[in-house]
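Given next are the chains, with one letter for each unit.
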Amino acid sequence: MTPIGTPAGTPIVNTAGLRYDADGAAQSTSSNTVTIIVAERLDVALVRDGQGAIVVTAQPVAIPFTLTNLDNGAEAFTLAASVSPGMATLRTLVIDTDGDGRYDPAKDVAPVDGKTPLLSPGQSIKLLAILVATPEGGATNAVLTVTARSTTGSGATGNVYPSAGDGGGDAVVGPTGALATVSVPLGTALAGPVLLKSQSVRAADGSQTAVRDAVITYTLEARFTDAVTGARIADPIPVGTVFVPGSLSLDGAPLSDGADDDAGRFDPSTAQGAGVTVALGRVAAGSSHTVQFKAKIQ
Amino acid sequence: MITRPMTSAVLVATAAAASAAAGPLQVSSSILVEARSAAADGTTRVTLVKPTKVTPGDKVIFVLAYRNSGAQPLANVVLDNPLPRQIAYRSANPGSPAPDVSVDGKTYGSLATLRVRSPDGSTRAASPNDVTSVRWRLASPLAAGSQGQFAFQAVLK
């Protein structure tokens, strides 16, 4: 983490000393004293404690976050939380007073006017977003978004709020933009990647009849609730069909059949016979990727 | 944009300059920052200006401008500048002679010649962050009416 640095409002005072000989006598004196006041750098960090998708049920679930004042001055932060329409409803966003990660309605209350108390430089507090499943809300995954914004100001790095800093100096927006946002994927079932396979048939006569020489388009949609690395989709070509060369694609972009530097390949002789493989590598939480390929009925 | 800290710095400087006017050697200390602007020929022009918004990590330039306002030459002129403790030394400013530096306020030399003693008694080579004071000596007497300046770059901790 970036060191917080000299507190806003600190006077930096400089005086040089000087010595010289005049008429054979040593003299000493000093320069003027120059003073500058350290400006306030507005910066904030908000991170979720834990990772992976959250399973939301009829029982309230608490999602913990840590808010850190990266400002070199005392700062309060405006908090906001929202859930995209779907299966989950946001009950409240509270300050976890004792920081135990558990929701205690008697002590953990929503901040007044949506603002935290003043936090000293480097100070962290814990937040809890309390969610419940929406009755009849369906199974559509939702996303919880929590933001924290410096009350003094935010925006482009380098923006200046004159005389708004602690100690009477300026306040300047730091590298974080004085705004932090965290998104959390929400689901109704246990977290884990899901692979959905579907197919469509198109025969030479334009019908959807599975006859000889009809072409089947296979669609494999991989949904990831968590961020993972090394993700890979492999699918054998069904018995009785042959792969249509050049038909493999990932998220709509064509992939060559050869074992080259793109993500996909067609291999005529895997352990399960001919098959396609697509390496997704590192995937983001809450993302989905679609692989398509075609096979002709023999 | 005029802000309160800048105004107060100017007032302090003016008051102190008046009190220092007694001696023949006048030294004006200032803390400046680099301002970059695009010149007409497409190059970037760097000027030194009074700071309005120094935050931790920012580069600042300490400038000591000296002048012999007396009628006699001054010999053995030494300027020394103990660093404010929130300031980390970096280097001489381009165009300025390099100062001798010190990590203990007693021994001065080039940074490469200095070592820092650790609590366990061992020593290591000094780094710019260890510097606590800088010093310049004028090799020859400063003639009446002549002037010059020294400058070094530093970072606000």
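These remarks concern the structure in this document. No experiment lies behind these values; they were computed from the predicted model shown. (Residues numbered from 1 in each chain as written. Chains lettered and ligands numbered in written order. Predicted model: local features only at pLDDT ≥ 70, side-chain atom pairs only at ≥ 80, totals over all residues.)

**Description of the nonpolar core**
All names here are of chain A. For clarity, the cut-off: Put simply, a nonpolar core is a cluster of buried Ala, Val, Leu, Ile, Met, Phe, Trp, Tyr and Cys residues tied together by C-beta atoms within 7 Å. Our exposure labels follow a C-beta count within 10 Å of each residue's own C-beta, placed from the backbone: buried means 20 or more other C-beta atoms, exposed means 12 or fewer, and partly exposed covers the counts in between. In this text, helices come from DSSP runs of H or I with a minimum length of four residues, and strands from runs of E with a minimum of two, each type numbered from the N-terminal end. For the purpose of contact definition, each residue receives a C-beta atom placed from its backbone, and two residues are in contact when these atoms lie within 7 Å.
Membership of the largest hydrophobic core comes to 58 residues, with the highest contact counts inside it found for Leu46, Ala129, Leu144, Val146 and Leu186. A total of 5 residues in this core trace back to one element, the largest contributor, which is strand β9 (residues 124-133). The contact partners of Leu144, leaving out residues within four places of it in the chain, are Ile63, Ala81, Val83, Leu90, Ala129, Leu131, Val184 and Leu186. Counting residues in hydrophobic clusters, the runner-up holds 16 residues, among them Ala222, Leu255, Val291 and Ala295.

**Remarks on the environment of Pro7(A)**
All names here are of chain A. Mapped onto the elements, Pro7 comes out in the segment before β1 (11-22). Since 18 C-beta atoms lie within 10 Å of it, Pro7 is described here as partly exposed. With 32 residues separating them along the chain, Pro7 and Ala39 place their C-alpha atoms 8.4 Å apart. Pro7 has contacts with Val38, Asn72, Gly73 and Pro121, leaving out every residue within four places of it along the chain.

**Looking at the interface of chain A and chain B**
Accessible area lost upon the coming together of the parts serves often as the stated size of an interface. For clarity, the threshold we go by: Following the grouping adopted for this structure description, the nonpolar residues are Ala, Val, Leu, Ile, Met, Phe, Trp, Tyr, Cys and Pro, the charged ones are Asp, Glu, Lys and Arg, and the polar ones are all others, Gly among them. Any two strands between which DSSP finds at least two bridges are classified as paired.
The interface of chain A with chain B comprises 36 residues on the first partner and 42 residues on the second. Per element, the largest residue contribution to the side of chain A that touches chain B is 11 residues, and it comes from β1(A). Considered class by class, the residues forming the side of chain A that touches chain B number 14 nonpolar, 17 polar and 5 charged. Here 4 bridges tie β1(A) to strand β4 (residues 75-82) of chain B, and the two strands are oriented antiparallel to one another.

**Details of unusual backbone geometry**
Residue and element names in this part refer to chain A. Positive phi, close to 55°, is recorded for Asp23, a residue that is not glycine. With respect to the element layout, Asp23 can be found in the loop between β1 and β2 (25-37). Of note in the backbone geometry, Asp213 takes a positive phi value of approximately 75° without being a glycine. Tracing the backbone through its elements, the reader meets Asp213 in the loop between β14 (194-202) and β15 (215-224). The exposed category is assigned to Asp213, around which 9 C-beta atoms lie within 10 Å.

**What about the sheet that holds strand β20 (residues 264-270) of chain A?**
Residue and element names in this part refer to chain A. For clarity, the cut-off: Orientation is described by lines fitted to C-alpha atoms, with helices fitted over the stretch in contact, and by angles between N-to-C directions that extend from 0 to 180 degrees.
The strand order β16-β21-β20 describes an open sheet built from 3 strands, whose pairing is antiparallel. At either end of the open sheet lies a strand with only one pairing partner, and these are β16 (228-236) and β20. Across the sheet, the mean angle from the axis of one strand to that of its neighbour is 25°, orientation sign disregarded. With 5 bridges joining them, β20 and strand β21 (residues 273-283) adopt antiparallel strand pairing. The partner of Phe266 across the bridge, within β21, is Val276.

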